[in-house]
Amino acid sequence: MNKIIWIDTDHPLVLAARTQVMPRGYEIGISERDMEPIAEWVKETGIGRRTSFDTIKFKNKADMSMFLLRWSNH
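Read on for an overview of the structure.

The rules behind these values
Residues numbered from 1 in each chain as written. Predicted model: local features only at pLDDT ≥ 70, side-chain atom pairs only at ≥ 80, totals over all residues. Heavy atoms only, no water. Axes fitted to C-alpha atoms, helices over the stretch in contact; angles between N-to-C directions. Helix = DSSP H or I, 4+ residues; strand = E, 2+ residues; numbered from the N terminus. Left-handed = near helix turned anticlockwise from the far one by under 90°. Contact = heavy atoms within 4.5 Å. Nonpolar A, V, L, I, M, F, W, Y, C, P; charged D, E, K, R; others polar. Core = buried A, V, L, I, M, F, W, Y, C linked by side-chain atoms within 4.5 Å. Buried < 20%, exposed > 50% of the residue type's maximum accessible area, 1.4 Å probe, protein only. Salt bridge = Lys/Arg side-chain N within 4 Å of Asp/Glu carboxyl O.

Another point: the packing of helix H1 (residues 32-45) against helix H2 (residues 61-71). One way to put it is that H1 packs onto H2 with a least axis distance of 12 Å and a crossing angle of 145°. Here the hand of the crossing between H1 and H2 comes out right-handed. Touching Pro37, Ile38, Trp41 and Val42 of H1 are Met66, Phe67, Arg70 and Trp71, all from H2. A breakdown of the residues in the contact of H1 with H2 according to their chemical character gives seven nonpolar, no polar and one charged.

The structure is reproduced here in structure tokens:
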């Protein structure tokens, strides 16, 4: 799995995924292969839902924090 960066969006309960590639700090989109296990985990736990290819909307801040504890890898 690539290194994933979760970006805040205009909505306080929505995060968008990006991957970091060389040179350091240059962000691009995430692949479906990277996103599949994340989306499945979100669905299984019921903490939110995948709203687009790389975006997840959470039910509340506590659920978003739980998600970041599990899926932040930086």
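Now, onward.
Our next topic: the nonpolar core. Formed by 15 residues in total, the largest nonpolar core has its most connected members in Trp6, Met35, Ile38, Ile56, Phe58 and Phe67. Listed by contribution, the elements that provide at least two residues to this core are strand S1 (4-8), strand S2 (14-21), H1, strand S5 (55-58) and H2. The element best represented in this core is H1, accounting for four residues. If near-sequence neighbours (up to four positions away) are discounted, phenylalanine 67 is found in contact with Trp6, Leu15, Ile38, Trp41, Val42, Ile47, Ile56, Phe58 and Ser72.

So, about the pattern of salt bridges. The full count for this structure, using the stated rule, is two salt bridges. Residue arginine 18 pairs with aspartate 54 through a salt bridge whose shortest N-O separation is 2.6 Å. With a gap of 36 residues between them, arginine 18 in strand S2 and aspartate 54 in the loop between strand S4 (48-52) and S5 connect regions that are remote in the sequence. Among the residues examined, arginine 18 registers a relative accessible area of 26% and is labelled partly exposed. Glutamate 32 is the salt-bridge partner of arginine 50, the closest N and O atoms lying 3.0 Å from each other. With a gap of 18 residues between them, arginine 50 in strand S4 and glutamate 32 in helix H1 connect regions that are remote in the sequence. For arginine 50, a relative accessible area of 29% puts it in the partly exposed group.

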